Amino acid sequence: MIRIAVQSKGRLYEDTMALLAEADIKLSTSKRTLLTQASNFPVEILFLRDDDIPQSVAGGVADLGIVGENEFVERKENAEILYRLGFSKCRLSIAVPKEHEYPGVQWLNGKKIATSYPGILQDFLDRQQVQAEIHVITGSVEIAPGIGLADAIFDIVSSGSTLVSNNLKEVETVMQSEAVLIGTPNLSAEKRAILDELIFRIEAVKAAEDKKYVLMNVPTDRLKEITEVLPGIKSPTIMPLATEGWSSVHTVLDQKCFWEIIGKLKALGAQGILVLPIEKMIL
C-alpha cells in the first residue's frame, strides 16, 4: 500500500481526482474523509492543505504527494519531484501599481513587497542583488499596494485578471509552476513497484490528452502524398477497401494541428473522415 497526500479542495484537488479517475483508481467520493482507500489499487489518499503536503511527504506521513511546484519549492523539504503532471499551471510574478514606471529589477531596491512565498522571492532578490523588505501575508496579497501595505506584490498569476482588477501590472516572472508528483527519497522496493505502475497509468492518460484517432478513406494513388502530411506517432495503418482504388488510413492527430491537417487531407481526396476520442495511449 502506498499513501498519496492530495490537496483537500480547490482546482488542484479537482484536477488530481480527475487524473486518478482516468487512471482507473476508484475512490469513494460520496463522503469526504481525511483518509480514503482505493477499491481496486493499493493506494490510499490523504487529504491535506496544499502547504502541508511537502512536509508530510518529507516526514514520512505520506509516501507521495501531488502539489503545486510553487509550494514544493517554497517549503524546501527533503523530497523529490518524480513526475510533472502538466495541469494547474501558473506562474509566480512580481507586480506593481500600473501608474508606476518600472525600468527594471533595480526599481525594487528599498521597496516593500507583499507575498505568501517569501523563500522563493528572497532567492530571486538575492540573485538579482536587490535589497527589499519582504512583508509576509496570507490571502488577498493583491490588495496590499492599494491599502498602502506594500509597494509591490509577489504572487501566483494565472490569467492576470486579478491583477487588472486591482490596478496592478506584471513586471517580473520569477517562476513557472505546475502540479508535480513528489516522493520520499527512500521508498521500499514494494512501494517503488506500486509507484511505477501508478506512473505508467498516468503516462497513458497524459499521452492521450488532446489526441484524436482519425479514420478516413483515401484514393490509393494518393497514399504517398497523404501519408506525408500525417504527423502520427508512427507510420499510419493502411488497409485496402473492397472498392478498388481506395484504401482506409488510420492515424492519431494532435488537437493543436487537427483542422489544418484535415483541410490538407480533404484537398488530397480523403473522404468519410471519422474522428474518435482517445482515453488512454500506451507508447
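Residues numbered from 1 in each chain as written. Predicted model: local features only at pLDDT ≥ 70, side-chain atom pairs only at ≥ 80, totals over all residues. Heavy atoms only, no water.

*Asks:* Quick question: what am I supposed to make of the overall build of the chain here?
*Replies:* The helix and strand inventory of the chain stands at 8 helices and 15 strands. Relative to the compact-globule value of 19 Å for 283 residues, the chain shows a C-alpha radius of gyration of 25 Å, a clear excess of over 25%. Counting only C-alpha atoms, the chain reaches 80 × 50 × 35 Å along its principal axes. Looking at the chain as a whole, 45% of its 283 residues are labelled buried. The contacts of the chain with a sequence gap of at least 6 include a subset with a gap of at least 24, amounting to 70%. Separation between the mean location of the 30 positive side-chain charges and that of the 38 negative ones in the chain comes to 2 Å. (Helix = DSSP H or I, 4+ residues; strand = E, 2+ residues; numbered from the N terminus. Rg over C-alpha atoms; globule rule 2.2 N^0.38 Å. Buried < 20%, exposed > 50% of the residue type's maximum accessible area, 1.4 Å probe, protein only. Contact = heavy atoms within 4.5 Å. Lys, Arg positive; Asp, Glu negative; His and termini not counted. Charge placed at Lys NZ, Arg CZ, Asp CG, Glu CD.)

*Asks:* Before we go on, may I ask you to explain the pairing of strand 1 (residues 2-7) in this structure?
*Replies:* Side-chain direction in a regular strand flips from residue to residue, so the side chains alternate between the two faces of the sheet. Across the 6 residues of strand 1, 5 count as buried, placing the element largely inside the fold. Relative to strand 3 (residues 43-48), strand 1 runs parallel, the two sharing 6 bridges. Paired with I4 across the strands is I45, a residue of strand 3. Pairing analysis gives 3 bridges linking strand 1 to strand 4 (residues 64-68), with the strands arranged parallel. Within the sheet, the bridge partner assigned to I4 lies in strand 4 and is L64. (Pairing = 2+ DSSP bridges.)

*Asks:* Where do I start with helix 8 (residues 258-267) in this structure?
*Replies:* Along helix 8, the residues classified as buried are F258, I261, I262 and L265. Around the axis of helix 8, the buried residues are gathered within 105° of arc, so they sit on the same side. Of the residues in helix 8, the exposed ones pointing more than 90 degrees away from the buried face are W259, E260 and A267. A positive backbone phi angle near 105° is found at G269, which sits one or two residues after helix 8. (Arc of directions from axis to C-beta.)

*Asks:* What is the right way to read the environment of G110 from this model?
*Replies:* Examined against the element boundaries, G110 turns out to sit in the loop between strand 6 (90-97) and strand 7 (112-115). Each C-alpha atom, one on G110 and one on D151, is 9.7 Å from the other, the two residues being 41 residues apart in sequence. The contacts of G110, once residues within four sequence positions are left out, are Q131 and A132.

*Asks:* Would you mind going over the sheet that holds strand 10 (residues 168-177) with me for this structure?
*Replies:* The strands making up a sheet associate through hydrogen bonds between their backbones, and the pairing can be parallel or antiparallel. Pairing within the open sheet is mixed, and its 5 strands lie in the order 8-7-9-6-10. Only two strands of the sheet have a single partner each, and these edge strands are strand 8 (133-136) and strand 10. The mean angle between the axes of side-by-side strands here comes to 25°, regardless of whether they run parallel or antiparallel. Of the pairings in the sheet, the one linking strand 6 to strand 10 comprises 8 bridges and is antiparallel in character. Each residue of the ladder has a partner; that of A95, found in strand 10, is E170. (Axes fitted to C-alpha atoms, helices over the stretch in contact; angles between N-to-C directions.)

*Asks:* Just to check I follow, could you spell out helix 4 (residues 118-128) for this structure?
*Replies:* Within an α-helix, residues lying three or four positions from one another point in the same direction, as the helix has 3.6 residues per turn. Of all the positions in helix 4, only G119, I120, L121, F124 and L125 are classed as buried. Against the buried residues of helix 4 lie helix 3 (69-75), strand 6, strand 7, strand 8, strand 9 (152-157) and strand 10. Of the residues flanking the end of helix 4, it is Q129, one or two places downstream, whose phi is positive at about 55°.

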